[in-house]
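Working through the structure, step by step
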Amino acid sequence: MPSSVTPCDVARHAGTPPGPGGRMRDPTPGLGRVMVLLAAALASASLAVPEGWGEEGVQYGQVGTDVTLSCAGARAGSPVEWRRAGAAALPAGSAVRHGTLVLPRAGLAAAGTYSCHGEDGALLHAVSLRLGHLPGVPSVSCRASDYENFSCSWTSSLETFLPTRYITTYRKKSLTGEEKRRNKNGHVGPCLQDPARAGTCTVHKSEFWSSYRMNVTEVNPLGSNFRLLDITMQAIIKPDPPEGLVVEPVPQAPRRLQVSWRYPTSWPKEPHFQLKFRLQYRPVIHRFWSVVETVNLSEVITDAFSGLEHVVQVSAKDFLDAGNWSEWSTEARATPVRDPATVVSEETTTDTSLESLAEEPSQAPNPEPINRSDALEKMAILVSLGIFAFFILAAVLVITILVWLRVRKHGKDETKPHNFLVAATHLKALPSECRGAPCRGLRSRVQEAQIL
């Protein structure tokens, strides 16, 4: 097996379509060839020396395939003996053919150091065999923490057990007329990898309104695989969290907290690229957040709970709603000032409780003091309700009596005219010639009726 990858190997693998996890094929064959040639050039620069993959005398093989080890110091046709360091015998199924050692369908357990010896037992050659897998399609994601640069990170989709390197390039998809005149094949460049941050690369001086195609190629001594990813700055922009979050109570305002923060240092503050912010806060003892959006660098919380510690965080997003919200900032905590009325009430309740305890010590086994202010308050409430009910009943009784008297008086007034008319009618009906005691008695009764 070869101990390194040639540029042709990189070109061959880069020309194959991506696996199930790949994003898409390059629809422009000419630009695709440019990408392949650039990847091949970078691979040839980094992989030209076989020792670049490891120490001298290392051979790489693919798991599950037949691996052949050659004895470099042996003379043609001379017998050769193969040994494995740290083992009494060679792996099962191995065979020596014309001085070479063949390991059929080698597994990871077959890795190790092998040596070949002459008839006299002298060491002729030693090789360290490392077994692994071809690279898988890397998983790639990109993010812009500002509107001038973007970074991409990746992870391998398969554990290869072999040393691995990455080739990272990009191509600008939308070119201006001047760019097309300068480079007919498109603007292609390297995504610069940072040795201090493994698995990341950065494209500097990118354009906010442009689209790019990223190529991340994973290469190991057995071959390569790649991922193509189309991105736009507007879609991947995600600011860093705001910094310098400060929360302070407002004097003489029991339900207010003053909150302030700064732009993240990674975001250049320009008039055309502003941020908006999202503030979330809650009392420490509560689970649910209240959220407020603002374009300012400070905000006053007006519905905080007096005397309770609050936790506050803030995040940022592009003012025109491009991309995503940043992660939440680190927490800041503060407690609003206590309400004076609440403090006086609590002190009074505490004094009353202490006096009650001094007069009547608790006999309960619970060592906590018993607060008797609740019983006194309940008694006072019951007495107040009784007095209030008494006055209500008295008022209802008085109103009922007055209504009854009024109705009675009204009934008498209606009866008097009726009796007078009846008496007058009877008086007129008496005959003029009525004389004697019967008539006098009748007249007396009519007169009494008139008087009434």
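Scroll up for the structure.
Residues numbered from 1 in each chain as written. Predicted model: local features only at pLDDT ≥ 70, side-chain atom pairs only at ≥ 80, totals over all residues. Heavy atoms only, no water.

1. Describing the overall build of the chain
Worth spelling out the cut-off: Each helix is a run of H or I in the DSSP string that is no shorter than four residues. Each strand is a run of E no shorter than two, and both are numbered from the N terminus. Contact criterion: two residues are considered in contact whenever any of their non-hydrogen atoms come within 4.5 Å of each other. Here, Shrake-Rupley sampling with a 1.4 Å probe gives the accessible areas, and only protein chains in the shown set may cover a residue.
When helices and strands are tallied, the chain shows seven helices and 22 strands. For the chain, contacts bridging at least 24 residues in sequence account for 66% of all contacts bridging at least 6. In the structure as shown, the chain presents an accessible area of about 27,600 Å², 57% of it carried by carbon and sulfur atoms.

2. Considerations on the state of the cysteines
Counted only if it meets this: In plain terms, two cysteine sulfur atoms within 2.5 Å form what is called a disulfide here. Working definition: with a 1.4 Å probe on protein chains only, accessible area under 20% of the residue-type maximum means buried, over 50% means exposed, and in between means partly exposed.
The tally for this structure, following the rule as stated, stands at three disulfides. Across the disulfide from Cys142 sits Cys152; the S-S distance is 1.9 Å. Taking the torsion about the S-S bond as the criterion, the Cys142 to Cys152 disulfide, at about 100°, is right-handed. Linking Cys142 in strand 8 (residues 139–143) with Cys152 in strand 9 (residues 150–155), this pair joins segments that are 10 residues apart in sequence. Cys142 sits in the buried class, given a relative accessible area of 15%. Disulfide pairing places Cys191 opposite Cys201 at an S-S distance of 2.1 Å. Around the S-S axis, the bridge from Cys191 to Cys201 shows a dihedral of about 95° and counts as right-handed. Of this pair, Cys191 sits in the loop between strand 11 (187–190) and strand 12 (192–193) while Cys201 is found in strand 13 (residues 200–203), placing the two residues 10 residues apart along the sequence. Residue classification places Cys191 among the buried positions, given a relative accessible area of 3%.

3. Topic: the pattern of salt bridges
To keep it simple, the criterion reads: By salt bridge we mean one thing: a side-chain nitrogen of Lys or Arg within 4 Å of a carboxyl oxygen of Asp or Glu.
Taken as a whole and judged by the stated rule, the model has 10 salt bridges. In this structure, Lys276 and Asp321 form a salt bridge, with 3.0 Å as the shortest nitrogen-oxygen distance. You can see Lys276 sitting in strand 18 (residues 275–283) and its partner Asp321 sitting in the loop between strand 21 (310–318) and strand 22 (332–334), a full 45 residues away along the chain. Residue classification places Lys276 among the buried positions, given a relative accessible area of 16%.

4. A few points about the sheet that holds strand 6 (residues 112–117)
What counts, and what does not: Strands are labelled as partners when DSSP assigns at least two bridges between them. Only the stretch in contact is used when a helix axis is fitted, and all axes are lines through C-alpha atoms; the angle between N-to-C directions ranges over 0 to 180 degrees.
Taken in spatial order, the four strands make up an open sheet running 1-7-6-3, and their pairing is mixed. One side of each edge strand has no neighbouring strand; the edge strands of this open sheet are strand 1 (58–62) and strand 3 (81–84). Within the sheet, the average angular offset between the axes of one strand and its neighbour, ignoring direction, is 30°. Examined bridge by bridge, strand 3 and strand 6 share four bridges and lie antiparallel to one another. Bridging from a neighbouring strand, Trp82 pairs with Cys116 of strand 6.

5. Considerations on unusual backbone geometry
With a phi angle near 45°, Arg105 is a residue other than glycine that sits in the positive phi range. With respect to the helices, strands and loops of the structure, Arg105 is situated in the loop between strand 5 (100–103) and strand 6. Arg105 sits in the exposed class, given a relative accessible area of 66%.

6. Considering the sheet that holds strand 19 (residues 290–294)
Either a parallel or an antiparallel arrangement is found when strands of a sheet pair, and the pairing is made through backbone hydrogen bonds. The sheet built from four strands is open, its strands ordered 19-18-21-22 with antiparallel pairing. Because the sheet does not close on itself, it has two edges, and the strands there are strand 19 and strand 22. The mean inter-strand angle of the sheet, taken between neighbouring strand axes irrespective of direction, is 25°. Two strands pair when backbone bridges link them, and strand 21 and strand 22 are joined in this way by three bridges, in the antiparallel orientation. Across the sheet, the residue bridging to Val311 is Arg333, located in strand 22.

7. Structural notes on the nonpolar core
Rules: What we call a nonpolar core is a set of buried Ala, Val, Leu, Ile, Met, Phe, Trp, Tyr and Cys residues that are connected through their side-chain atoms within 4.5 Å.
If you look at the biggest cluster of nonpolar residues, it comprises 40 residues, and the most contacted ones within it are Cys142, Phe150, Met214, Ile231, Val259 and Ile301. By residue number, the principal contributor to this core is strand 18, which donates four residues. Contact partners of Met214, with chain neighbours within four places excluded, come to Cys142, Phe150, Cys152, Thr169, Tyr170, Cys191, Cys201, Val203, Arg227, Leu228, Leu229 and Ile231. If you look at the next biggest cluster of nonpolar residues, it comprises 14 residues, including Trp82, Ala106, Tyr114 and Val127.

8. With respect to a nonpolar patch on the surface
We count it as follows: Patch membership requires more than 30% relative accessible area and the absence of a salt bridge. Residues of like charge join within 9 Å; the nonpolar side chains Val, Leu, Ile, Met, Phe, Trp and Tyr join within 5 Å.
A cluster of nonpolar side chains, Met379, Val383, Ile387, Phe390 and Phe391, forms an exposed patch at the surface whose accessible area comes to about 550 Å². Among the structural elements, Met379 can be located in helix 6 (residues 373–429).

9. A word on the packing of aromatic side chains
Rule in force here: When two rings of Phe, Tyr or Trp (its six-membered ring) have centres within 6.5 Å they constitute a pair, described as stacked for plane angles under 30 degrees, edge-to-face for angles over 60, and tilted for the intermediate range. Charge-over-ring placement is defined geometrically: NZ (Lys) or CZ (Arg) within 6 Å of the ring centre, and within 35 degrees of the ring normal.
Under the counting rule described, the total for this entry stands at 10 aromatic pairs. Where Tyr147 meets Trp267, the ring centres are 5.3 Å apart and the plane angle is 75°; that geometry is what we call edge-to-face. A residue pair is termed long-range when its members are at least 10 positions apart, and Tyr147 in the loop between strand 8 and strand 9 and Trp267 in the loop between strand 17 (257–262) and strand 18 qualify at 120 residues. Where Tyr147 meets Phe273, the ring centres are 3.9 Å apart and the plane angle is 10°; that geometry is what we call stacked. On the criterion of sequence distance, the pair formed by Tyr147 in the loop between strand 8 and strand 9 and Phe273 in the loop between strand 17 and strand 18 is long-range, its members being 126 residues apart. Members of the aromatic cluster, connected to one another through ring pairs, are Tyr147, Phe208, Trp209, Trp267 and Phe273. Above the ring of Trp325, the side-chain terminus of Arg278 is found at 4.4 Å from the ring centroid.

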